[in-house]
Amino acid sequence: VEPLQRALRRPDPHPLVSLAAARALVALDARQSADLLFEHCQSDGIDVAAVVELALAKWDYRPIRSVWLERLKDPRTHRRRLILAIDGLATVDEVQAVPSLLELSQSVRVPGDVRLAAARSLTILKKDGLDTIARKMAADKSPQKIIHRLIAASIIVSHRDEASVDLMMELAVDAEPAVAAIALATLLEIDPEHVLRIVEVTIANADANVRWLGARALVARPTPDRVKLTGPLLDDPHPGLRQYVRQSLEALAQKPELTDYVIGAAVKMLSTSRWRGLEQAALLLTALDHKPAADRLVELLEFDRPEVFIMAAWGLG
(Lines give C-alpha, C1' and ligand atoms only; values in the text may rest on other atoms or scores of the structure.)
Protein backbone atom coordinates (compact mmCIF):
# COMPACT_ATOMS: atom_id res chain seq x y z
CA VAL A 1 0.00 0.00 0.00
CA GLU A 2 2.71 2.51 0.96
CA PRO A 3 4.54 2.41 -2.42
CA LEU A 4 1.20 2.92 -4.19
CA GLN A 5 0.42 5.90 -1.98
CA ARG A 6 3.85 7.36 -2.79
CA ALA A 7 3.10 6.97 -6.49
CA LEU A 8 -0.05 9.03 -6.07
CA ARG A 9 1.71 11.70 -4.00
CA ARG A 10 4.37 12.42 -6.63
CA PRO A 11 4.04 15.86 -8.22
CA ASP A 12 2.20 15.65 -11.54
CA PRO A 13 2.06 11.86 -11.86
CA HIS A 14 1.24 10.45 -15.29
CA PRO A 15 -2.54 9.90 -15.62
CA LEU A 16 -2.03 6.19 -16.33
CA VAL A 17 0.09 5.85 -13.18
CA SER A 18 -2.60 7.56 -11.09
CA LEU A 19 -5.28 5.31 -12.53
CA ALA A 20 -3.24 2.12 -12.01
CA ALA A 21 -2.28 3.08 -8.43
CA ALA A 22 -5.90 3.95 -7.60
CA ARG A 23 -7.14 0.65 -9.00
CA ALA A 24 -4.55 -1.28 -7.01
CA LEU A 25 -5.39 0.49 -3.74
CA VAL A 26 -9.07 -0.21 -4.29
CA ALA A 27 -8.35 -3.86 -5.10
CA LEU A 28 -6.33 -4.10 -1.88
CA ASP A 29 -9.27 -2.59 0.06
CA ALA A 30 -6.83 0.01 1.39
CA ARG A 31 -9.29 2.06 3.40
CA GLN A 32 -6.44 3.92 5.07
CA SER A 33 -5.90 5.54 1.65
CA ALA A 34 -9.41 6.99 1.51
CA ASP A 35 -8.32 10.61 2.10
CA LEU A 36 -5.67 10.40 -0.61
CA LEU A 37 -8.02 8.73 -3.07
CA PHE A 38 -10.72 11.29 -2.31
CA GLU A 39 -8.28 14.06 -3.24
CA HIS A 40 -7.41 12.41 -6.54
CA CYS A 41 -10.97 11.57 -7.55
CA GLN A 42 -11.73 15.29 -7.53
CA SER A 43 -8.56 16.51 -9.26
CA ASP A 44 -7.86 13.69 -11.72
CA GLY A 45 -9.88 12.52 -14.70
CA ILE A 46 -13.22 10.78 -14.83
CA ASP A 47 -11.59 7.34 -15.17
CA VAL A 48 -9.95 7.72 -11.75
CA ALA A 49 -13.20 9.05 -10.29
CA ALA A 50 -15.12 6.05 -11.63
CA VAL A 51 -12.76 3.67 -9.85
CA VAL A 52 -12.38 5.61 -6.62
CA GLU A 53 -15.89 6.83 -5.96
CA LEU A 54 -17.33 3.34 -6.15
CA ALA A 55 -14.86 2.28 -3.44
CA LEU A 56 -15.52 5.35 -1.30
CA ALA A 57 -19.22 4.56 -1.43
CA LYS A 58 -18.53 0.97 -0.42
CA TRP A 59 -16.36 2.20 2.48
CA ASP A 60 -19.02 4.82 3.39
CA TYR A 61 -16.43 7.60 3.32
CA ARG A 62 -18.54 10.41 4.72
CA PRO A 63 -16.65 13.51 3.39
CA ILE A 64 -17.67 12.66 -0.18
CA ARG A 65 -21.38 12.79 0.61
CA SER A 66 -21.49 16.59 0.55
CA VAL A 67 -19.60 16.61 -2.76
CA TRP A 68 -22.14 14.23 -4.28
CA LEU A 69 -25.10 16.23 -2.95
CA GLU A 70 -23.68 19.42 -4.46
CA ARG A 71 -23.22 17.73 -7.83
CA LEU A 72 -26.92 16.90 -7.97
CA LYS A 73 -27.77 20.59 -7.72
CA ASP A 74 -25.16 21.90 -10.15
CA PRO A 75 -26.43 21.91 -13.77
CA ARG A 76 -22.83 22.15 -15.03
CA THR A 77 -21.86 18.76 -13.57
CA HIS A 78 -20.42 16.35 -16.13
CA ARG A 79 -22.92 13.60 -16.96
CA ARG A 80 -20.67 10.72 -15.84
CA ARG A 81 -19.75 12.43 -12.58
CA LEU A 82 -23.42 13.09 -11.97
CA ILE A 83 -24.24 9.39 -12.39
CA LEU A 84 -21.37 8.49 -10.03
CA ALA A 85 -22.87 10.80 -7.42
CA ILE A 86 -26.36 9.38 -7.93
CA ASP A 87 -25.14 5.79 -7.56
CA GLY A 88 -22.89 6.66 -4.61
CA LEU A 89 -25.64 8.35 -2.63
CA ALA A 90 -27.88 5.33 -3.07
CA THR A 91 -25.08 3.02 -1.93
CA VAL A 92 -24.59 4.97 1.32
CA ASP A 93 -28.36 5.33 1.80
CA GLU A 94 -28.26 9.14 1.89
CA VAL A 95 -31.93 10.17 2.09
CA GLN A 96 -31.05 13.86 1.74
CA ALA A 97 -30.61 13.14 -1.96
CA VAL A 98 -34.29 12.22 -2.50
CA PRO A 99 -35.60 15.72 -3.47
CA SER A 100 -32.80 16.25 -5.99
CA LEU A 101 -33.23 12.75 -7.40
CA LEU A 102 -36.94 13.33 -7.85
CA GLU A 103 -36.21 16.54 -9.74
CA LEU A 104 -33.56 14.89 -11.94
CA SER A 105 -35.75 11.90 -12.78
CA GLN A 106 -38.60 14.12 -13.99
CA SER A 107 -36.67 16.85 -15.80
CA VAL A 108 -36.90 16.72 -19.60
CA ARG A 109 -33.69 18.77 -19.78
CA VAL A 110 -31.65 15.97 -18.21
CA PRO A 111 -30.13 13.16 -20.36
CA GLY A 112 -32.06 9.91 -20.29
CA ASP A 113 -29.31 7.82 -18.68
CA VAL A 114 -29.06 10.32 -15.82
CA ARG A 115 -32.83 10.28 -15.33
CA LEU A 116 -32.87 6.47 -15.22
CA ALA A 117 -29.95 6.41 -12.77
CA ALA A 118 -31.86 8.82 -10.53
CA ALA A 119 -34.94 6.59 -10.75
CA ARG A 120 -32.91 3.50 -9.79
CA SER A 121 -31.47 5.29 -6.77
CA LEU A 122 -34.91 6.48 -5.70
CA THR A 123 -36.08 2.87 -5.48
CA ILE A 124 -33.38 2.28 -2.86
CA LEU A 125 -33.88 5.47 -0.88
CA LYS A 126 -37.68 5.76 -0.97
CA LYS A 127 -39.73 2.59 -0.64
CA ASP A 128 -43.17 4.16 -0.96
CA GLY A 129 -45.07 7.29 -1.90
CA LEU A 130 -43.93 7.50 -5.52
CA ASP A 131 -46.92 5.84 -7.19
CA THR A 132 -48.69 9.16 -7.90
CA ILE A 133 -45.64 10.56 -9.68
CA ALA A 134 -45.15 7.29 -11.53
CA ARG A 135 -48.75 7.18 -12.74
CA LYS A 136 -48.50 10.73 -14.04
CA MET A 137 -45.32 9.87 -15.96
CA ALA A 138 -46.84 6.66 -17.33
CA ALA A 139 -49.99 8.34 -18.65
CA ASP A 140 -48.65 9.11 -22.14
CA LYS A 141 -48.34 5.85 -24.11
CA SER A 142 -46.81 7.41 -27.23
CA PRO A 143 -43.42 6.19 -28.53
CA GLN A 144 -41.99 9.66 -27.82
CA LYS A 145 -42.58 9.17 -24.07
CA ILE A 146 -40.89 5.79 -23.64
CA ILE A 147 -38.33 7.32 -21.28
CA HIS A 148 -41.14 8.61 -19.05
CA ARG A 149 -42.68 5.14 -18.80
CA LEU A 150 -39.27 3.56 -18.16
CA ILE A 151 -38.77 5.94 -15.25
CA ALA A 152 -42.32 5.32 -14.00
CA ALA A 153 -41.65 1.57 -13.91
CA SER A 154 -38.20 2.04 -12.37
CA ILE A 155 -39.13 4.29 -9.44
CA ILE A 156 -41.77 1.93 -8.04
CA VAL A 157 -39.95 -1.41 -8.32
CA SER A 158 -39.58 -1.52 -4.53
CA HIS A 159 -43.19 -0.47 -3.85
CA ARG A 160 -45.65 -3.14 -2.73
CA ASP A 161 -48.86 -1.16 -2.18
CA GLU A 162 -51.97 -1.92 -4.20
CA ALA A 163 -51.81 1.27 -6.30
CA SER A 164 -48.24 0.51 -7.38
CA VAL A 165 -49.10 -3.09 -8.24
CA ASP A 166 -52.03 -1.88 -10.36
CA LEU A 167 -49.72 0.50 -12.22
CA MET A 168 -47.17 -2.29 -12.73
CA MET A 169 -49.91 -4.46 -14.25
CA GLU A 170 -50.67 -1.65 -16.68
CA LEU A 171 -46.99 -1.19 -17.58
CA ALA A 172 -46.47 -4.95 -17.94
CA VAL A 173 -48.43 -4.89 -21.22
CA ASP A 174 -46.76 -1.73 -22.52
CA ALA A 175 -45.92 -1.69 -26.23
CA GLU A 176 -42.27 -0.97 -25.37
CA PRO A 177 -40.60 -4.23 -24.24
CA ALA A 178 -38.09 -2.46 -22.01
CA VAL A 179 -40.94 -0.97 -19.98
CA ALA A 180 -42.88 -4.24 -19.87
CA ALA A 181 -39.79 -6.18 -18.74
CA ILE A 182 -39.18 -3.92 -15.73
CA ALA A 183 -42.81 -4.21 -14.67
CA LEU A 184 -42.98 -7.97 -15.21
CA ALA A 185 -39.78 -8.60 -13.25
CA THR A 186 -41.21 -6.65 -10.32
CA LEU A 187 -44.56 -8.44 -10.48
CA LEU A 188 -42.79 -11.79 -10.67
CA GLU A 189 -40.86 -10.94 -7.51
CA ILE A 190 -44.01 -9.83 -5.68
CA ASP A 191 -46.13 -12.79 -6.75
CA PRO A 192 -45.97 -14.83 -9.99
CA GLU A 193 -49.78 -14.94 -9.99
CA HIS A 194 -49.77 -11.31 -11.14
CA VAL A 195 -47.82 -12.27 -14.27
CA LEU A 196 -49.98 -15.33 -14.84
CA ARG A 197 -53.01 -13.09 -15.24
CA ILE A 198 -51.47 -11.77 -18.48
CA VAL A 199 -49.15 -14.66 -19.30
CA GLU A 200 -50.63 -15.50 -22.72
CA VAL A 201 -49.90 -11.95 -23.89
CA THR A 202 -46.47 -12.07 -22.26
CA ILE A 203 -45.24 -15.29 -23.88
CA ALA A 204 -46.42 -14.03 -27.28
CA ASN A 205 -44.35 -10.84 -27.03
CA ALA A 206 -41.76 -10.16 -29.74
CA ASP A 207 -39.08 -9.53 -27.11
CA ALA A 208 -37.23 -12.51 -25.64
CA ASN A 209 -36.77 -10.89 -22.21
CA VAL A 210 -40.52 -10.42 -21.87
CA ARG A 211 -41.26 -14.00 -23.00
CA TRP A 212 -38.67 -15.31 -20.54
CA LEU A 213 -40.40 -13.60 -17.63
CA GLY A 214 -43.67 -15.19 -18.71
CA ALA A 215 -42.00 -18.59 -18.86
CA ARG A 216 -40.57 -18.11 -15.37
CA ALA A 217 -44.05 -17.38 -14.03
CA LEU A 218 -45.45 -20.52 -15.66
CA VAL A 219 -42.67 -22.63 -14.16
CA ALA A 220 -43.05 -21.04 -10.73
CA ARG A 221 -46.73 -21.99 -10.47
CA PRO A 222 -47.09 -25.15 -12.57
CA THR A 223 -50.42 -26.77 -13.38
CA PRO A 224 -51.39 -29.09 -16.25
CA ASP A 225 -52.80 -26.16 -18.25
CA ARG A 226 -49.68 -24.09 -17.65
CA VAL A 227 -47.46 -26.96 -18.79
CA LYS A 228 -49.45 -26.93 -22.05
CA LEU A 229 -48.77 -23.20 -22.40
CA THR A 230 -45.07 -23.73 -21.69
CA GLY A 231 -44.58 -26.50 -24.26
CA PRO A 232 -44.63 -24.30 -27.39
CA LEU A 233 -41.73 -22.28 -25.94
CA LEU A 234 -39.49 -25.27 -26.69
CA ASP A 235 -39.46 -23.74 -30.17
CA ASP A 236 -38.62 -20.20 -29.03
CA PRO A 237 -36.20 -18.31 -31.32
CA HIS A 238 -33.98 -17.43 -28.34
CA PRO A 239 -31.64 -20.38 -27.64
CA GLY A 240 -31.28 -19.60 -23.95
CA LEU A 241 -35.02 -19.40 -23.43
CA ARG A 242 -35.85 -22.65 -25.19
CA GLN A 243 -33.10 -24.42 -23.22
CA TYR A 244 -34.48 -22.96 -19.98
CA VAL A 245 -37.96 -24.22 -20.91
CA ARG A 246 -36.67 -27.71 -21.71
CA GLN A 247 -34.70 -27.93 -18.45
CA SER A 248 -37.68 -26.60 -16.48
CA LEU A 249 -40.06 -29.10 -18.06
CA GLU A 250 -37.65 -31.92 -17.28
CA ALA A 251 -37.68 -30.84 -13.63
CA LEU A 252 -41.49 -30.52 -13.59
CA ALA A 253 -41.80 -34.01 -15.03
CA GLN A 254 -40.44 -35.35 -11.74
CA LYS A 255 -43.78 -34.41 -10.17
CA PRO A 256 -46.09 -37.39 -10.74
CA GLU A 257 -49.13 -35.21 -11.34
CA LEU A 258 -47.36 -33.38 -14.18
CA THR A 259 -45.32 -36.15 -15.84
CA ASP A 260 -47.89 -37.08 -18.48
CA TYR A 261 -48.55 -33.43 -19.35
CA VAL A 262 -44.86 -32.70 -19.84
CA ILE A 263 -44.46 -35.78 -22.04
CA GLY A 264 -47.58 -34.79 -23.96
CA ALA A 265 -46.23 -31.29 -24.64
CA ALA A 266 -42.89 -32.70 -25.82
CA VAL A 267 -44.52 -35.35 -28.03
CA LYS A 268 -46.72 -32.67 -29.60
CA MET A 269 -43.64 -30.61 -30.44
CA LEU A 270 -41.83 -33.69 -31.78
CA SER A 271 -44.63 -34.17 -34.32
CA THR A 272 -43.97 -30.77 -35.92
CA SER A 273 -41.36 -29.73 -38.47
CA ARG A 274 -39.95 -26.83 -36.43
CA TRP A 275 -36.25 -27.55 -36.03
CA ARG A 276 -35.72 -25.61 -32.80
CA GLY A 277 -38.59 -27.35 -31.08
CA LEU A 278 -37.60 -30.74 -32.51
CA GLU A 279 -34.11 -30.43 -31.09
CA GLN A 280 -35.38 -29.55 -27.59
CA ALA A 281 -38.21 -32.11 -27.65
CA ALA A 282 -35.79 -34.88 -28.64
CA LEU A 283 -33.50 -33.89 -25.78
CA LEU A 284 -36.38 -33.74 -23.31
CA LEU A 285 -37.99 -37.05 -24.26
CA THR A 286 -34.64 -38.78 -24.21
CA ALA A 287 -33.90 -37.38 -20.76
CA LEU A 288 -37.29 -38.68 -19.61
CA ASP A 289 -36.59 -42.09 -21.22
CA HIS A 290 -39.83 -41.93 -23.20
CA LYS A 291 -39.23 -44.90 -25.51
CA PRO A 292 -42.42 -44.47 -27.63
CA ALA A 293 -40.65 -41.44 -29.19
CA ALA A 294 -38.16 -43.78 -30.91
CA ASP A 295 -40.19 -44.20 -34.12
CA ARG A 296 -40.37 -40.45 -34.63
CA LEU A 297 -36.66 -40.10 -33.87
CA VAL A 298 -35.92 -42.63 -36.63
CA GLU A 299 -37.90 -40.46 -39.06
CA LEU A 300 -35.94 -37.40 -37.96
CA LEU A 301 -32.64 -39.03 -38.92
CA GLU A 302 -33.42 -37.75 -42.43
CA PHE A 303 -34.30 -34.21 -41.32
CA ASP A 304 -32.47 -31.51 -43.27
CA ARG A 305 -30.87 -29.74 -40.27
CA PRO A 306 -27.99 -31.25 -38.31
CA GLU A 307 -29.31 -29.88 -35.01
CA VAL A 308 -32.25 -32.25 -35.41
CA PHE A 309 -30.78 -35.39 -37.00
CA ILE A 310 -27.76 -35.40 -34.68
CA MET A 311 -30.03 -35.07 -31.64
CA ALA A 312 -32.32 -37.79 -33.01
CA ALA A 313 -29.36 -40.14 -33.44
CA TRP A 314 -28.10 -39.36 -29.94
CA GLY A 315 -31.57 -39.94 -28.50
CA LEU A 316 -31.90 -43.30 -30.23
CA GLY A 317 -28.52 -44.31 -28.92
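Before any of the text, the structure's been laid out above.
What comes next is a walk through the structure. Every chain's residues receive numbers from 1 upward, in the order its sequence appears when written. Predicted model: local features are reported for residues with pLDDT of at least 70 only, side-chain atom pairs are reported and counted for 80 or more only, and whole-chain, interface and lining totals are derived from all residues. Only heavy atoms go into the side-chain values, all of them from the structure, while hydrogens and water stay out.

**Observations concerning the overall build of the protein**
- A run of H or I in DSSP becomes a helix once it reaches four residues, and a run of E becomes a strand once it reaches two; helices and strands are each numbered from the N terminus. Looking only at helices and strands, one finds 21 helices and zero strands in the protein.
- The globule rule used here is 2.2 Å times the number of residues to the 0.38 power, and the radius of gyration it is set against is calculated over C-alpha atoms. In terms of C-alpha radius of gyration, the protein reaches 26 Å, well past the compact-globule figure of 20 Å for 317 residues.
- With respect to the principal axes defined by its C-alpha atoms, the protein has extents near 80 × 50 × 35 Å.
- Partly exposed describes any residue whose relative accessible area lies between the buried limit of under 20% and the exposed limit of over 50%, with all areas from a 1.4 Å probe on protein chains only and scaled to the type maximum. Counting across all 317 residues of the protein, residues that qualify as buried make up 48%.
- It only takes one pair of heavy atoms within 4.5 Å for two residues to be counted as in contact. For the protein, long-range pairs separated by at least 24 residues make up 61% of all intrachain contacts whose partners lie at least 6 apart in sequence.
- Where accessible areas are quoted, they stem from the Shrake-Rupley method and a 1.4 Å probe; at the residue level, only the protein chains shown are allowed to cover. Carbon and sulfur atoms provide 53% of the accessible area of the protein, an area that totals close to 15900 Å².

**Concerning the packing of aromatic side chains**
- When the centres of two rings from Phe, Tyr and Trp lie within 6.5 Å, Trp using its six-membered ring, the rings pair. Their planes under 30 degrees apart give stacked, over 60 give edge-to-face, and anything left gives tilted. Evaluated as defined, the whole model comprises two aromatic pairs.
- Measuring from centroid to centroid gives 5.3 Å for phenylalanine 38 and tyrosine 61, while their planes differ by 55°, and the two rings are tilted. Of the two residues, phenylalanine 38 sits in helix H3 (residues 34-43) while tyrosine 61 sits in the loop between helix H4 (46-58) and helix H5 (63-73), which places them 23 residues apart along the sequence. With respect to class, phenylalanine 38 is no different from tyrosine 61; both count as buried.
- Look at tryptophan 212 and tyrosine 244: their rings are 5.9 Å apart centre to centre, the planes differ by 40°, and that puts the pair in the tilted class.

**So, the pattern of salt bridges**
- The salt bridge definition used is simple: a Lys or Arg side-chain nitrogen within 4 Å of an Asp or Glu carboxyl oxygen. Under the defined criterion, the tally for this structure stands at 19 salt bridges.
- A salt bridge links arginine 221 to aspartate 191; the shortest N-O distance between them is 3.6 Å. Remark: aspartate 191 occurs in the loop between helix H12 (177-190) and helix H13 (192-196) and arginine 221 occurs in the loop between helix H15 (208-220) and helix H16 (224-230); sequence separation between them is 30 residues.
- Owing to a relative accessible area of 33%, arginine 221 belongs among the partly exposed residues under this scheme.
- Within the structure, one salt-bridge network assembled from shared partners comprises Asp191, Glu193, Arg221 and Arg226.

**A closer look at H15**
- Multiplying one less than the number of residues by 1.5 Å gives the expected span of a helix. Over its 13 residues, H15 runs 18 Å from end to end, which matches the ideal 18 Å to within 8%, given 1.5 Å per residue.
- All of the buried residues along H15 are Ala208, Val210, Arg211, Leu213, Gly214, Ala215, Ala217, Leu218 and Val219.
- In this fold, the buried residues of H15 make contact with H12, H13, helix H14 (199-202), H16 and helix H17 (239-252).
- Nitrogen and oxygen atoms within 3.5 Å of one another constitute a polar contact, given that in protein one can donate a hydrogen and the other can accept it, and given that sequence-neighbouring residues count only through two side-chain atoms. Sitting at the head of H15, aspartate 207 places a side-chain oxygen 2.9 Å from the backbone nitrogen of asparagine 209.

**Re unusual backbone geometry**
- Notably, aspartate 29 is not glycine yet its phi reads approximately 55°, a positive angle.
- Looking at the element boundaries, aspartate 29 is found in the loop between helix H2 (15-27) and H3.
- Since its relative accessible area comes to 33%, aspartate 29 is described here as partly exposed.
- Positive phi, normally seen in glycine, also occurs at aspartate 93, with a value near 60°.

**So, the nonpolar core**
- We call a set of buried Ala, Val, Leu, Ile, Met, Phe, Trp, Tyr and Cys residues a nonpolar core when their side-chain atoms join them within 4.5 Å. Membership of the largest hydrophobic core comes to 107 residues, with the highest contact counts inside it found for Leu56, Leu72, Ile86 and Leu270.
- No other element matches the eight residues that H4 contributes to this core.
- Discounting chain neighbours no more than four positions away, the residues touching leucine 56 are Ala34, Phe38, Cys41, Tyr61 and Ile64.

**Side note on the side chain of serine 121**
- For serine 121, the position within the fold is in helix H8 (residues 112-125).
- Judged by relative accessible area, which is 2%, serine 121 ranks as buried.
- In contact with serine 121, not counting residues within four places along its chain, are Ile86, Asp87, Ala90 and Leu101.

**What to know about the packing of helix H19 (residues 275-287) against helix H21 (residues 306-316)**
- Where H19 meets H21, the closest approach of the two axes is 9 Å, and the angle between their N-to-C directions is 10°. In terms of orientation, H19 and H21 fall into the roughly parallel class. Listed contacts from H21 to Trp275, Leu278, Glu279, Ala282, Leu283 and Thr286 of H19 are Glu307, Val308, Met311, Trp314 and Gly315.
- Partitioning the contact of H19 with H21 into residue classes produces seven nonpolar, two polar and two charged. Between N-to-C directions, angles span 0 to 180 degrees; the directions come from axes that are lines fitted to C-alpha atoms, helices contributing only their stretch in contact. With respect to orientation, any angle under 35 degrees is reported as roughly parallel, any angle over 145 as roughly antiparallel, any angle of 65 to 115 as roughly perpendicular, and every other angle as oblique. Basically, the charged four are Asp, Glu, Lys and Arg, the nonpolar ten are Ala, Val, Leu, Ile, Met, Phe, Trp, Tyr, Cys and Pro, and anything else, Gly included, counts as polar.

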